[in-house]
Amino acid sequence: MLLIKYVLLSGAAGLFMIGAAIVIVDAYRALYLNEAVLVRWRVAMRLALLAWVPLLVGLGIEVVPSGRAGVRVSQISGTLAGTLYPGTHFVMPLVHGVELYNIRDQIYSTDAVESAKNRPAALKVYSKEGLRVGLGVSVRYQLDPQRLAHIENNLPRPVESEVIPVVVANAFRQTISGYLVRDVFSAKREEVRRLTADSITSRLAADGIVVKEVMLRDIDLPPEYAKGLEGLLLKEQENDRLSIELDVKQKMVRTAELEAEADKVRQVKQAEGRAQVTVLEAKAQADAMQHTLPLKEKQIQQSRLEAEARKETTVKNAEASAQAKVIDSKAELEKRDLMAEAEAHRVRLLAGADAERMKSEAQVLKDSPLLIQKIIAERLSDKVQIMMVPMDGKFFFANDVLKATPGAVSLPLQNER
């Protein structure tokens, strides 16, 4: 669509230039060349009027790029409701303008200490004791696309440098002013970050800015306080170490006492357990002797029944094997009978087929005696050589062959002229 817009604008500019060129050329010819030429005002006006069509259409096309959104600002009624999302939109040319905003996630960051110009600005706040503390924070935020009209009407531009830094700095200053430096640095650091994030989120949400995350990256303490805090921390660490060692020794003594008492109780319990085990083993042996004899009798009876079952199974298997052999013999005999009948039937069919074939051949030879010569020639074709014979040698080959063949059947030959 950008190409179409630029083509329309270029076409409108070309028409304006052509109209102006026509007027300039006609005026030059009339004034400097003294030619009787009338300036073609009507043609120029028509071209100018025609140029307004692509000009207005091109000015009415607005393309919102990806990652941005826009609002329409009217020259008559001000900012109009509704958001123009990425894509192509049509607006009223020369009346409506489009203001674009970045709706991607953006990061506002500060450093805890003063740094070079190309680094983010330093954020300095004061604690409850009045000490100056540097904070390195990062705020991830996004402009609410549905409230761009409110942002356009009420917030200064650009929002990234006019609104966000002021709100973030004020929220951290108000929050940290109620805490000691030591708490901010160690124990209540997450609490400070959470309270500040809630404050920033609520303040910016009223202006159409969505805060997604607030990070407290670094804290820069005053040099004197840092040294004193370091010594205090060392003393506290030493105190904590001694307290821990004392607790460990007390726990070791208590552990030894408990282990001795536990060992005593364990030995008593083990003796009682061994006595109970001995009594239970004696009772178990007595009960086992009472149940052993019936169990042995059941085992003997079970062995006898298993032997009878094996015997019965062997007899049944032998009878089944004999019946199977009888059935196999009968099946083999029937198979042989059927094969003999099938072979006899096949022989009868072949004999009938040969007799029928010989009868057909005899009938064919009877009807066409010349086939004998053809058959003889085909059978002797691999032994016959080509020779020249007189034209009047009628059927000499067949006659000679028949004469030379003992028992050959003489057939009447017809002379052909």
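Calculation rules
- Counting starts from 1 at the beginning of each chain's written sequence and moves along it residue by residue.
- Reporting in this predicted model follows two pLDDT cut-offs: at least 70 for local features of residues, and 80 or more for side-chain atom pairs to be given and counted; totals over whole chains, interfaces and linings ignore these cut-offs and use all residues.
- In computing side-chain properties, one takes all heavy atoms of the structure into account and sets aside hydrogens as well as water.
- Runs of E in the DSSP output that reach at least two residues are strands. Runs of H or I that reach at least four are helices, and both are numbered from the N terminus.
- Three exposure classes are used, based on accessible area relative to the maximum for each residue type with a 1.4 Å probe and protein chains only: buried under 20%, partly exposed in between, and exposed over 50%.
- Whether two residues are in contact is decided by their heavy atoms, any of which lying within 4.5 Å being enough.
- Whenever Lys or Arg places a side-chain nitrogen within 4 Å of a carboxyl oxygen from Asp or Glu, that contact is recorded as a salt bridge.
- Here, a strand pair is defined by DSSP locating no fewer than two bridges between the strands.
- Paired rings are identified among Phe, Tyr and Trp, the last through its six-membered ring, by centres lying within 6.5 Å, and are further divided according to the angle between planes into stacked (under 30 degrees), edge-to-face (over 60) and tilted (the rest).
- Residues with no salt bridge and a relative accessible area higher than 30% make up the patches, which join like charges within 9 Å and nonpolar side chains (Val, Leu, Ile, Met, Phe, Trp, Tyr) within 5 Å.
- All accessible-area figures derive from a Shrake-Rupley calculation using a 1.4 Å probe, and residue coverage is judged against the displayed protein chains alone.
- Among buried residues, those of type Ala, Val, Leu, Ile, Met, Phe, Trp, Tyr and Cys that are joined through side-chain atoms within 4.5 Å constitute a nonpolar core.
- Pairs of N or O atoms within 3.5 Å make up the polar contacts considered here, provided that, within protein, one atom can donate a hydrogen while the other can accept it, and that residues adjacent in sequence are counted only when both atoms are side-chain atoms.

### Describing the environment of His 150
Alright, step 1. On the secondary structure map, His 150 appears in helix H3 (residues 148-154).
Alright, step 2. When its relative accessible area of 27% is taken as the criterion, His 150 is described as partly exposed.
Alright, step 3. Along the primary structure His 150 and Asp 207 are separated by 57 residues, whereas in three dimensions their C-alpha atoms are 7.4 Å apart.
Alright, step 4. What His 150 contacts, discounting residues up to four positions off in sequence, is Leu 155, Ala 206 and Asp 207.

### A closer look at the pattern of salt bridges
Two side chains carrying opposite charge are able to pair once their charged atoms lie near each other.
Alright, step 1. The final tally for this structure, using the stated rule, is 14 salt bridges.
Alright, step 2. A salt bridge links Arg 217 to Asp 111, with the nearest nitrogen and oxygen atoms 3.5 Å apart. With Arg 217 in strand E9 (residues 209-220) and Asp 111 in the loop between strand E6 (106-109) and strand E7 (123-126), the pair connects residues that are 106 residues apart, well separated along the chain.
Alright, step 3. Linking Lys 124 and Asp 220 is a salt bridge whose minimum nitrogen-to-oxygen distance equals 3.6 Å. Here Asp 220 lies in strand E9 and Lys 124 lies in strand E7, a separation of 96 residues in the sequence.
Alright, step 4. Judged by relative accessible area, Asp 220 falls into the partly exposed class, the value being 26%.
Alright, step 5. A network of salt bridges, in which partner residues are shared, links Asp 105, Arg 140, Lys 212 and Glu 213.

### Brief notes about the pairing of strand E8 (residues 132-143)
Alright, step 1. A large share of E8 lies buried, amounting to 10 of its 12 residues.
Alright, step 2. Across 4 bridges, the pairing between E6 and E8 is antiparallel. Residue pairing for E8: Ser 109 is matched across the bridge by Ser 138.
Alright, step 3. Pairing between E7 and E8: 4 bridges, direction antiparallel. Directly across from Tyr 126, in E8, lies its bridge partner Arg 132.
Alright, step 4. Between E7 and E8, which follow one another and run antiparallel, lie 5 residues, and Gly 130 among them has a positive phi close to 90°.
Alright, step 5. By the bridge criterion, 10 bridges tie E8 to E9 in an arrangement that is antiparallel. Opposite Leu 135, over in E9, you have Ile 219 as the bridge partner.

### Looking at the sheet that holds strand E5 (residues 96-102)
Alright, step 1. Taken together, the 3 strands give an open sheet; going across it, the order is E3-E2-E5, and neighbouring strands pair in antiparallel fashion. Each having just a single partner strand, strand E3 (78-79) and E5 make up the two edges of the open sheet.

### Describing the packing of aromatic side chains
To describe a pair of aromatic rings, you give the distance between the ring centres and the angle between the ring planes.
Alright, step 1. Counted according to the given criterion, the structure contains 1 aromatic pair.
Alright, step 2. Taking 5.9 Å as the distance between ring centres and 90° as the angle between the ring planes, the aromatic pair formed by Phe 16 and Trp 52 counts as edge-to-face. Within this pair, whereas Phe 16 is found in helix H1 (residues 2-31), its partner Trp 52 is found in helix H2 (residues 41-60), the two being separated by 36 residues in sequence.

### Notes on a nonpolar patch on the surface
Alright, step 1. There is a patch of nonpolar side chains on the surface, built from Phe 16, Leu 49, Trp 52, Leu 56, Leu 59 and Leu 94 and spanning about 550 Å² of accessible area.
Alright, step 2. Mapped onto the fold, Leu 49 is located in helix H2.
Alright, step 3. By relative accessible area, Leu 49 is classed as exposed at 58%.

### Quick look at the nonpolar core
In summary, soluble globular proteins display a tendency toward joint burial of nonpolar side chains.
Alright, step 1. Core analysis: the largest hydrophobic core is formed by 38 residues, its most contacted members being Leu 135, Leu 148, Val 168, Phe 172, Ile 200, Leu 204 and Ile 209.
Alright, step 2. Of the residues forming this core, the biggest block, 7 residues, is contributed by helix H5 (residues 164-176).
Alright, step 3. By size, the runner-up hydrophobic cluster in this structure holds 6 residues, among which are Ala 12, Leu 15, Ile 22 and Leu 47.

### Thoughts on the side chain of Gln 106
Alright, step 1. Position of Gln 106 relative to the elements: it lies in strand E6.
Alright, step 2. There is a polar contact of 3.4 Å between the side chain of Gln 106 and the backbone oxygen of Asn 102.
Alright, step 3. Residues within four places of Gln 106 in sequence aside, it is in contact with Val 139, Arg 140, Tyr 141, Leu 143 and Glu 160.

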